[in-house]
Every structure is written in structure tokens, then in C-alpha cells.
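# An overview of the molecular structure
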Amino acid sequence: MVTRGGEQHFWIGPGTEGALTPSLPSSLAFVAALWLGFAPYVLHFSQVRHGLADSIDVLVALVVAVLALVRTVVPRDYPAFSVVNAALGLWLIVAPFLLGYDLTRVIVTDLVVGVLLLGLSGLSAVLTYRQRAKAQAGDLRA
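For every chain, the first residue of its written sequence is number 1, and the numbers climb from 1 along that sequence. This being a predicted model, a pLDDT of at least 70 is required before a residue's local features are given, and a value of 80 or more before pairs of side-chain atoms are given or counted; all residues contribute to the totals for chains, interfaces and linings. Side-chain metrics in this entry use all non-hydrogen atoms of the structure; hydrogen atoms and water are not considered.

## Some remarks on the overall build of the protein
- By definition, any uninterrupted DSSP run of H or I lasting at least four residues is a helix, any uninterrupted run of E lasting at least two residues is a strand, and each is numbered from the N terminus. Each helix and strand in the protein was counted, giving four helices and two strands.
- For the protein, the succession of helices and strands along the chain, N to C, is β-β-α-α-α-α.
- Only protein chains enter the calculation, and the probe is 1.4 Å; a residue is then buried if its accessible area is under 20% of its type maximum, exposed if over 50%, and partly exposed in between. Looking at the 142 residues of the protein, the share that counts as buried comes to 42%.
- Whether two residues touch is decided by their heavy atoms; if any such pair falls within 4.5 Å, the residues are in contact. The long-range share in the protein, meaning contacts at least 24 apart out of those at least 6 apart in sequence, stands at 68%.

## Details of the pattern of salt bridges
- Salt bridges are defined by distance alone: a side-chain nitrogen of Lys or Arg within 4 Å of a carboxyl oxygen of Asp or Glu. Under the criterion given, the structure shown has one salt bridge.
- Linking D77 and R76 is a salt bridge whose minimum nitrogen-to-oxygen distance equals 4.0 Å.
- We classify D77 as partly exposed; its relative accessible area is 25%.

## Thoughts on the packing of helix 1 (residues 23-42) against helix 2 (residues 52-73)
- Axis separation between helix 1 and helix 2 bottoms out at 8 Å; the angle between their running directions is 160 degrees. It follows from the interaxial angle that helix 1 and helix 2 lie roughly antiparallel. Helix 1 and helix 2 meet at a crossing whose hand is left-handed. Contacts between helix 1 and helix 2 involve S23, S26, S27, A29, F30, A33, L36, G37, P40 and Y41 on the former and, on the latter, D54, D57, V58, V60, A61, V64, A65, A68, L69, R71 and T72. Every axis corresponds to a line fitted to the C-alpha atoms, with the helix fit spanning only the stretch in contact, and the corresponding angles, defined between N-to-C directions, vary from 0 to 180 degrees. Note on angle classes: values under 35 degrees are labelled roughly parallel, values over 145 roughly antiparallel, values of 65 to 115 roughly perpendicular, and the remainder oblique. In this scheme, a crossing is called left-handed if the near helix is turned counterclockwise away from the far one by less than a right angle; it is called right-handed if the turn is clockwise.

## Examining the packing of aromatic side chains
- The pairing test for Phe, Tyr and Trp rings, Trp by its six-membered ring, is centres within 6.5 Å, and the orientation test on the planes gives stacked under 30 degrees, edge-to-face over 60, and tilted for anything in between. A full pass over the atoms with the stated rule returns one aromatic pair.
- Measuring from ring centre to ring centre gives 5.0 Å for Y78 and F81, while their planes differ by 15 degrees; the resulting arrangement is stacked.

## A look at the nonpolar core
- Each nonpolar core is a collection of buried residues, namely Ala, Val, Leu, Ile, Met, Phe, Trp, Tyr and Cys, held together in the definition by side-chain atoms within 4.5 Å. Core analysis: the largest hydrophobic core is formed by 23 residues, its most contacted members being V60, Y101 and L117.
- Residue assignment for this core shows that the elements contributing at least two residues are helix 1, helix 2, helix 3 (79-98) and helix 4 (104-141).
- Considering each element in turn, this core owes the most residues, seven residues, to helix 2.
- If we skip the residues at most four places from it in the chain, L117 touches A29, A32, V64, N85, A86, G89, L92 and G122.

## Description of the packing of helix 2 against helix 3
- Across the interface, helix 2 lies against helix 3 with an axial gap of 9 Å and an inter-helix angle of 155 degrees. Judged by the inter-axis angle, helix 2 sits roughly antiparallel to helix 3. Where helix 2 crosses over helix 3, the two elements pack in a sense that is left-handed. Across the interface between the two elements, I56, D57, V60, V63, V64, L67, A68, V70 and R71 from helix 2 touch P79, F81, S82, V84, N85, L88, W91 and L92 from helix 3.

## Looking at the UniProt feature "transmembrane region" (unreviewed entry) in the protein
- What UniProt calls "transmembrane region" (unreviewed entry) maps, in this numbering, to residues 24-43, 55-74, 80-99 and 111-129.
- In residues 80-99, helix accounts for 95% and strand for 0%; the two terminal C-alpha atoms are 27 Å from one another. UniProt positions are given in the numbering used here, feature names are shortened, and annotations may be inferred rather than shown by experiment.

## What about a nonpolar patch on the surface?
- Patch construction takes residues with relative accessible area above 30% that form no salt bridge. Like charges are linked within 9 Å, and nonpolar side chains (Val, Leu, Ile, Met, Phe, Trp, Tyr) are linked within 5 Å. Shrake-Rupley sampling with a 1.4 Å probe provides the accessible areas, and residues are treated as covered by the protein chains on show and by no other component. On the surface, a nonpolar cluster with roughly 400 Å² of combined accessible area is contributed by L34, W35, F38 and V42.
- Here L34 shows up in helix 1.
- Under the relative-accessibility criterion, L34 is labelled partly exposed at 39%.

Structure, rendered in C-alpha cells:
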């Protein structure tokens, strides 16, 4: 853990070299959200349920992108944002079946992005909570 300007940061400094930090999975979740936001227009989802798939994917993409970007910039803060993104990933996995999407490219896109978001955002949250627990255990020992 490195102290800069009175704040303790555990995602920078010699202790993190070679270690996975919460920023990496959050930044990859941001990239997945970008694809999810553009996929309805690139792959022409508009024929699924009168544009329902378009609207859902774009809305989820916007929320995930904002939350993942915040987590990328300040990975120590707001681990609940990653939990929300993981929940949205789970929604993307079940939405095609609950809402009856009938176009294969929509189903595959939502499943792949949903699995990525569930895994990456879950990993980001777990890493943050673990690092916080380590930091607290270190503070208690000192």
C-alpha cells in the first residue's frame, strides 16, 4: 500500500507489481459495455420484439459503461458498482430466455457479454474487497 497526499492507495506502487488490480477487469467490462451499446446497430437487432432488445442492450450498456469507468478510475472506491455490473451481466444472460428473443445473434451477443460482465465485474469486486480486508488486517496488526 502506498500513501500519497494522506490517502492510502493499494492499486499502485511496488506491492502491486505483477498483481491483478481491480482496474483491469473494470476496464475490460467497460470495453464489453461499448460493444453491447453498438451491437444493436451493427447487428441490426431492431426486428426483435419491436426494438425491445435494442433498448435493453443500450440501456444496460450505458449503465455498465459509466459504473465500469468509475471503477477503472478509482478502483479502491465503490466496489458495489462492480456488484451492480455483475447483476446486469446476469440479467443479460437470462433476458433472451425470459423475454423470448428469437434472433440468434441477439441471444449470442447478450450471453457472451453477460458472461463477460458477470465474470469481470465479479472479479473486480472480489479483488477490491480482498484488498480492503488485507489493508484492514494490516492496520489492526500495526
